[in-house]
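Examination of the molecular architecture
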Amino acid sequence: MSTETSALQQSNLLRRVWAKPYGRISITFILLIALSALFADWIAPFDPNELDTENIFSRPKGKHYFGTDDLGRDLFSRVLHGGQIALIMAFASAAIAMIVGVIWGFIAAQFGGWLDEILMRTVDAFLAIPIILLALILIAALGTDIPILALVIGLILAPATARIARSSVLSELQLDYCNAATTLGTPRLRILFREVMPNTMPVLIARAVICAADTIIIEASLSFVGLGINPPQASWGSLVRTGYEQLFNGYWLVLFPAIFILLAIWSLNSLGDQILDVLDPRSES
Amino acid sequence: MRRLGTSVTMLFTASLLIFVVLRVLPGDPVTILLGPGNRGIGEEDIQEYRAKMGLDKPLLVQYFIWFSNFLRGDMGNSLFSNEPVRNMFSGHIMPTVQLTLAAIVLAIVFAISLALVGAIWPRSLVDRVVTFIASLGMAVPTFITAIILLLTFGIFWPILPTRGYIPFGEDPIGNLKLLTMPAITLAFAAMAPILRMLRASLAEASSSPWTRTAEGKGLLWNRIVLKHVFPNALIPSLTFVGITFGRMLGGAVLIEFIFAWPGIGTMMVDAIFKRDYAVLQATILFAAIASITVNFIVDLAYGFVDPRLRLKA
């Protein structure tokens, strides 16, 4: 399969997801959130860390769209800047999870035998440990800088990715075109990267989208417990944490960051589902 | 028997993994224990302490000592209070067990009733609402559900106490009132995957030949769903209860923390902030063992319900 056809296949994939109502809604939300985070410096009416002691716990009104917090900081600006962290983290962790997981899964699928056995038993062992617990412990020990957070979350999501990558490669390798390529004497690695990989792409893209959603959940959970991004830096999780501490002083403090987290995760999950749905031949009818 | 073998292998790999991961982490237990920069503690004292705790032995030996002690019920002592971790566990286990059991029962009841409603009136508005709830349940992190419940029933319409715990033995009604919000939160998270699976298998069973035969006989649709489709769809969903269990254990940690529920989760968050690795190691291994065991039991139950799936010995 040449690269042009696989590019065609992918634009086709996007078009077919866009054709579904849920697909369209989730892509729109993702774009809106990503753009608002990218251009936060221009859109946000205030500096996210600017204190305004005259206006603490201001309700959502006038120039403070989402109200202000215990130090008079503008919540709308803080939520937008928190989106930047979510965006960076989601990209970085999903990339790490995909790179590590795909290599892990491809090696297991390609070589089989005892290597496959060892690699997959390790995956099983990882999956037996609840993800959040593993993340909590690793972050507690390694520290809470953004690169470390991204690396740890990416590595935690890698084992499940490896399993998906392995099974998608295995199901392709059984198909006739792979047998044909082998018969023609094509080197195994060439078959893997030039023939099999483009066909597993859609499944892997769907997994990457889900990884991005999981990253946002894990980061927010960690920050909420106080082990993620530290205040005063605004991340969605730490904003919810502040809101939770000030629950009786203003509902908006917890409400708006929570809505952003929900929207982001829901639309990413739903996009992942839609991609898998499009791939499923049974969904044609 | 083969399944037991798989579970035991998994148990060993998982425990080895936990041990290795926690040992590679920065933060030497001895230095933490004796306190950094303590005067009067020389290199010999540290060596002596290491020897006393068995930290000078090769890693693999340490692992076997740790794991075999764990299996015999000796989980080591807290690095902080020197209290046996086992005692700390027994002090915290009941609230967690109560919370998890309540949540799993609620989750199964919610999932089954919602899925049935969706299957009896397919493609209706109700069905769409159920689909939406399922996808929402997958997306909402537990701490957000918790906060939404807190806002609704604790502040806007204050009918439930927000945080705390009273043992059931002392005040059953007070205990149940406090249990309501954390249990619903955890149940909501646990329900979504079960509901999705159940819906998928209900849909598959609805389009099967024997459903068409039943329809052809002139049976009422909701009767067909209840008597024919549902029992068949239930079996594949059973596995998901097992898979969800691991997710629940993770979710329970945050939920206990939010609602000040003094279970294993609260103990763990506490240990994290104190960097008490002995407690952490024990907790995480306990969680892994619990989820492996539940999955094993579910596997067995699976073979019991559907004899076709029993592995040939």
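Refer to the structure printed above.
Presented here is a report on the structure given in the accompanying data block. (Residues numbered from 1 in each chain as written. Chains lettered and ligands numbered in written order. Predicted model: local features only at pLDDT ≥ 70, side-chain atom pairs only at ≥ 80, totals over all residues.)

Right, let's get into the overall build of chain B. Looking only at helices and strands, one finds twelve helices and zero strands in chain B. Starting at the N terminus and ending at the C terminus, chain B contains elements arranged as α-α-α-α-α-α-α-α-α-α-α-α. Relative to its 313 residues, chain B shows a buried fraction of 36%. (Helix = DSSP H or I, 4+ residues; strand = E, 2+ residues; numbered from the N terminus. Buried ≥ 20, exposed ≤ 12 C-beta atoms within 10 Å, placed from the backbone.)

What follows is about the packing of helix α5 (residues 85-120) of chain B against helix α6 (residues 125-139) of chain B. Residues and elements named next belong to chain B. Between α5 and α6, whose axes approach to 8 Å, the crossing angle comes to 140 degrees. Seen from above, α5 lies across α6 with left-handed handedness. The residues of α6 that touch α5, namely those facing L114, V117 and G118, are V126, D127, V130 and I133. Considering only residue class, the contact of α5 with α6 consists of five nonpolar, one polar and one charged. (Axes fitted to C-alpha atoms, helices over the stretch in contact; angles between N-to-C directions. Left-handed = near helix turned anticlockwise from the far one by under 90°. Contact = placed C-beta atoms within 7 Å. Nonpolar A, V, L, I, M, F, W, Y, C, P; charged D, E, K, R; others polar.)

Looking now at the nonpolar core. Within soluble globular proteins, side chains that are nonpolar generally end up buried alongside one another. Membership of the largest hydrophobic core comes to 163 residues, with the highest contact counts inside it found for A135 and L136 of chain A. Residues contacting A135 of chain A, with those up to four places away along its chain left out, are V152, I153, I156, I218 and L222 of chain A. (Core = buried A, V, L, I, M, F, W, Y, C linked by C-beta atoms within 7 Å.)

Residues and elements named next belong to chain B. Structurally, A282 can be placed in helix α12 (residues 277-305). Using a count of 25 C-beta atoms within 10 Å as the deciding quantity, one classes A282 as buried. Measuring from C-alpha to C-alpha, the distance between A282 and L179 comes to 26 Å, with 103 residues separating the pair along the chain.

Time to look at the interface of chain B and chain A. Taken together, the contact pairs 37 residues of chain B with 35 residues of chain A. Elements represented by at least two residues in the side of chain B that touches chain A include exactly α1 (2-24), α6, α7 (142-156), α10 (221-258), α11 (264-274) and α12 of chain B. No other element matches the seven residues that α10 of chain B contributes to the side of chain B that touches chain A. Here the side of chain B that touches chain A is built from residues that sort into 28 nonpolar, seven polar and two charged.

Our next topic: α11 of chain B. Those residues of α11 of chain B that sit buried are I264, G265, T266, M267, M268, A271 and I272 of chain B. Among the residues trailing α11 of chain B, R275 of chain B stands out with phi positive, at a value near 55 degrees.

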